[in-house]
Amino acid sequence: MSYNIHVGVGMDKKLDLQRIESQHADQIDWSRYQDMAVDLMQQYLRINTANPPGNELEAAKFFKRLFDQYGIENEIFEYKPGRANIIARLKGNGSKRPIILLSHTDVVTAEPAAWEVDPFSGLIKNDYIYGRGALDMKGEGLLHLMTMILLKREGPPLSRDVIFLGTADEEVDDEGSLWMIANKAELFKNAEYLLTEGGDNLLEGGEVKVVGVDVAEKAPFWLRLTATGLPGHGSRPVADSASNRLIRAMSRILDWETPVKLLPAVEKYFKDIAPLQSEPLHSQFANIRESLKDPAFVKALTSQREYNFLLRNTISITMLSGSKQTNVIPNAATCNIDVRLLPGESPDEFLKALTAVVADPTIKIENINRFKQPNSSAVDTELFSLIARRTKASHPKAVITTKMLSGYTESQLYRQLGIIAYGWAPISTTPDDDEGVHGNNERISVKNVRQGTREFYEVVRDIAR
Ligand SMILES: [Zn+2]
């Protein structure tokens, strides 16, 4: 792909914040900073960090130029040619432990032919800024950047360090964060809090209805099942051939209903969204623990995809293979299954239960991904209350709740260091907007960038003052 990358072109000419006088927090010239945020959002989206190959060094340089310009201490770590992480820091007085603003700078690839605009154009159309990564997650990264600049120029004295961390390769192998944790953890491992992607705020009819703070994620535990057996000609069936035995095992797996479990964050989620439901769902959600004792309710609830994964370990049968030819009975047949475990679950226990369900000792079951222990963060924290309070101020009707994601985020890696990690950003999207994430025409509204700049700054300011 041959996109022109214009790192930083234009900003210095159009907007020179150095000319804005430093002011008290309540006198911040918001429109100037918000104009700057929109302009920088466009610039950031023009940097092609589609992974593979990533080329996140260009994104790191984009941030470095701005951090240098505003006198914010920073360092790039190029751990492989073209692949780089960047860390920047505003020093606090050390009376509280740091907060990390974590974003990945890579994006998934884009198919230009399927887009209305060039995916790396940063074009503004109908009050949306288009670009691969606008929501996942360059938009948040931009808010993190603006917060650093605002804190530096306008913020109160800090009681804790505010650390900006931009990492490479989240979308493929997580090399960036894994490298930082393996090699540079002393720079951030004493942090108390971390904010990153994973939050999910629902915009409906122009109003923010739900603000979901991601406090837990499920963990992928991918398995491959292999059956072996006597091969032969398709014209003379083998009753217990590899494919036949595999299919019987898969059928037992399909019929298996994994146990329903209610985690505290999920219980809170159901209670929080209860008021948005009509009866009888309203009462059933409000008393979810009690409601789940009714098998008919469990059946109805778990038949809905958006609720089912919250309540149990799930299994999706995804890859199947057997013979390459219709008239050949293969000597091996395999099936990959995408298992997602709830936080707190043990992969060994799950494997034991699954093996019992398969009930065929000749079928080999092996783990084929690098399993990362699912975990979660507490909700009764100062940061959570600040997010809730700030959200209420801007969106009085919004329900603020906890979310558990079906997918993975890097929060899992950083929680292992003892850090409270949340997925949250003041970016609200319609289900239509969400289609763009890993899809076509990814975009973020100008309004999200403008309002988000202020809301995100104010939350970080308040937790760090
Ligand atoms: Zn992402």
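What you see as residue numbers is a count from 1 along each chain, following the sequence as written. Thresholds applied to this predicted model are a pLDDT of at least 70 for local features of residues and 80 or more for the giving and counting of side-chain atom pairs; totals over whole chains, interfaces and linings are not thresholded and use all residues. Here the side-chain values reflect all heavy atoms present in the structure, with hydrogen atoms and water set aside.

**Points about the coordination of the zinc ion**
Phase 1: Listed donors are limited to N, O and S atoms within 2.8 Å of the metal, widened to 3.2 Å for Na, K and Ca; water is not among them, so incomplete-looking sites are possible. Donor atoms from the polypeptide that bind the zinc ion are His104 (NE2), Asp136 (OD), Glu197 (OE) and Glu197 (OE), placed at 1.8 to 2.7 Å.
Phase 2: Every angle between 85 and 135 degrees makes a four-donor site tetrahedral, while opposite donors more than 155 degrees apart, with all other angles between 65 and 115, make a four-donor site square planar and a six-donor site octahedral; other sites are irregular. Coordination at the zinc ion is irregular: its 4 donor atoms span angles of 52 to 150 degrees at the metal.
Phase 3: Along the chain, the residues donating to the zinc ion fall in the pattern H-x31-D-x60-E. Placement of the pair is His104 in strand S3 (residues 99-104) and Asp136 in helix H4 (residues 134-154), with a sequence separation of 32 residues. Grouping residues by exposure puts His104 and Asp136 together as buried. The way it works is that DSSP assigns letters per residue, a run of H or I at least four long becomes a helix, a run of E at least two long becomes a strand, and they are numbered from the N terminus. The buried label applies to any residue whose accessible area, calculated with a 1.4 Å probe on protein chains only, is under 20% of its type's maximum; exposed applies above 50%, and partly exposed to all values in between.

**Some words on the layout of surface pockets**
Phase 1: Whether a set of points on the 1 Å grid over the protein atoms alone is a cavity depends on a 1.4 Å probe fitting there but being unable to get out, while an open set qualifies as a pocket with protein on both sides within 12 Å along at least five of seven lines; lining residues are those with an atom within 4 Å of a point. Grid points are joined across faces, edges and corners, and a volume is the space filled by probe spheres set on the points. One number sums up the size of the largest pocket: a volume of about 1700 Å³.
Phase 2: Lining the largest pocket are 50 residues, and of these Gly198, Leu405, Ser406, Gly407 and Val437 lie nearest its centre.
Phase 3: Of all the secondary-structure elements, those providing two or more residues to the lining of the largest pocket are H4, strand S8 (200-204), strand S9 (207-217), strand S10 (219-228), helix H7 (264-273), helix H11 (305-311), strand S16 (399-405) and helix H15 (431-434).
Phase 4: Along the wall of the second largest pocket there are 25 residues; nearest its centre are Thr302, Asn308, Phe309, Thr314 and Ile315.

**What about the packing of helix H2 (residues 30-46) against helix H3 (residues 57-69)?**
Phase 1: In this analysis, axes come from line fits to C-alpha atoms, helices being fitted only over the stretch in contact, and the angle between any two N-to-C directions falls in the range 0 to 180 degrees. Orientation of H2 relative to H3, taken along the N-to-C sense of each, is 150 degrees, at an axis distance of 9 Å. Taken together, H2 and H3 sit at an angle that is classed as roughly antiparallel. Of the two possible hands of crossing, H2 and H3 adopt the one that is right-handed. Counted together, Leu40, Gln43 and Tyr44 of H2 and Ala59, Phe62, Phe63, Arg65 and Leu66 of H3 form the full contact between these two elements.
Phase 2: Throughout this entry, Asp, Glu, Lys and Arg are counted as charged residues, while Ala, Val, Leu, Ile, Met, Phe, Trp, Tyr, Cys and Pro are counted as nonpolar. The remaining residues, Gly among them, count as polar. Each residue belonging to the contact of H2 with H3 can be placed in one class, and the counts come to 6 nonpolar, 1 polar and 1 charged. Convention used here: angles under 35 degrees read as roughly parallel, angles over 145 as roughly antiparallel, angles from 65 to 115 as roughly perpendicular, and any remaining angle as oblique. Each crossing gets its handedness from the near helix: less than a right angle anticlockwise from the far helix is left-handed, clockwise is right-handed. Any two residues having at least one pair of non-hydrogen atoms within 4.5 Å are treated as being in contact.

**Overview of the sheet that holds strand S15 (residues 364-367)**
Phase 1: At least two bridges found by DSSP between two strands are what make those strands a pair. Spatial strand order, S12-S14-S10-S15: 4 strands in an open sheet with antiparallel pairing. Only two strands of the sheet have a single partner each, and these edge strands are strand S12 (314-321) and S15. Neighbour to neighbour, the strand axes of the sheet diverge by 25 degrees on average, direction disregarded.
Phase 2: Summarising the sheet, S10 and strand S14 (residues 332-341) pair through 10 bridges and their orientation is antiparallel. Bridge pairing links Thr226 to Thr334 in S14.
Phase 3: Across the sheet, helix H6 (residues 242-255) touches S10, S12 and S14, and the angle it forms with S14 is around 20 degrees.
Phase 4: Helix H12 (residues 347-358) contacts S10, S12, S14 and S15 of the sheet and is inclined by roughly 35 degrees relative to S10.

**What about the environment of Arg89?**
Phase 1: With respect to the helices and strands, the residue Arg89 is situated in strand S2 (residues 83-90).
Phase 2: According to the relative accessible area criterion, Arg89 is buried, its value standing at 14%.
Phase 3: Distance in space between the C-alpha atoms of Arg89 and Leu165 is 8.8 Å, their sequence separation being 76 residues.
Phase 4: Once residues within four sequence positions are removed from consideration, Arg89 is found in contact with Ile72, Glu73, Met148, Asp161, Val162, Ile163 and Leu187.

**Side note on the pairing of S2**
Phase 1: Among the 8 residues of S2, 8 are classified as buried, and the element is accordingly described as predominantly covered.
Phase 2: Of the two faces of S2, both are covered, the one formed by Arg83, Asn85, Ile87 and Arg89 as well as the one formed by Ala84, Ile86, Ala88 and Leu90.
Phase 3: Pairing of S2 with strand S6 (residues 162-167), which is carried by 5 bridges, proceeds in the antiparallel orientation. Paired with Ala88 across the strands is Phe164, a residue of S6.

**Brief notes about helix H13 (residues 382-394)**
Phase 1: Helix length check: H13, at 13 residues, gives a terminal C-alpha distance of 19 Å against a target of 18 Å (1.5 Å per residue), a fit within 8%.
Phase 2: Residues of H13 that are buried include every one of Leu383, Phe384, Leu386, Ile387, Ala388, Arg390 and Thr391, and no others. Expected helix span is taken as 1.5 Å per residue step, with the number of steps being one fewer than the number of residues.

**What about the side chain of Arg312?**
Phase 1: Counting through the fold element by element, Arg312 comes out in the loop between H11 and S12.
Phase 2: Summary of buried charges: Arg312 has no salt-bridge partner, and the nearest side chain of opposite charge, Glu257, is 4.4 Å away.
Phase 3: A polar contact of 3.0 Å, which involves the side chain of Arg312, links it to the backbone oxygen of Thr258.
Phase 4: Setting aside residues no more than four positions away along its own chain, Arg312 makes contact with Lys218, Glu257, Thr258, Pro259, Val260, Thr302, Arg340 and Leu342. Only four residue types enter the tally: Lys and Arg on the positive side, Asp and Glu on the negative side; His and the chain ends are excluded. Within this document, salt bridges are pairs made up of a side-chain nitrogen of Lys or Arg and a carboxyl oxygen of Asp or Glu, the two lying within 4 Å of each other. Polar contact is the term for a pair of N or O atoms within 3.5 Å; when the atoms are in protein, one must be able to donate a hydrogen and the other to accept it, and sequence-neighboring residues count only if both atoms are side-chain atoms.

**Details of H6**
Phase 1: Look at H6: 20 Å from first C-alpha to last across 14 residues, which is about the 20 Å you get at 1.5 Å a residue.
Phase 2: Of the surrounding secondary structure, the elements contacted by the buried residues of H6 are S10, S12, S14 and H12.

**Quick look at the pattern of salt bridges**
Phase 1: Under the counting rule described, the total for this entry stands at 31 salt bridges.
Phase 2: Among the salt bridges present, the one from Arg160 reaches Glu382, with a minimum N-O distance of 4.0 Å. Of this pair, Arg160 sits in the loop between H4 and S6 while Glu382 is found in helix H13, placing the two residues 222 residues apart along the sequence.
Phase 3: Among the residues examined, Arg160 registers a relative accessible area of 1% and is labelled buried.
Phase 4: What makes Glu382 partly exposed here is its relative accessible area of 38%.
Phase 5: Here Glu217 ties to Arg415 by a salt bridge, and the two come within 3.0 Å at their closest N and O atoms. Linking Glu217 in strand S9 with Arg415 in helix H14 (residues 411-415), this pair joins segments that are 198 residues apart in sequence.
Phase 6: Judged by relative accessible area, Glu217 falls into the buried class, the value being 0%.
Phase 7: Within the structure, one salt-bridge network assembled from shared partners comprises Glu73, Arg89, Lys91 and Asp161.

Everything listed here is a matter of geometry and, on its own, says nothing about what the molecule does.
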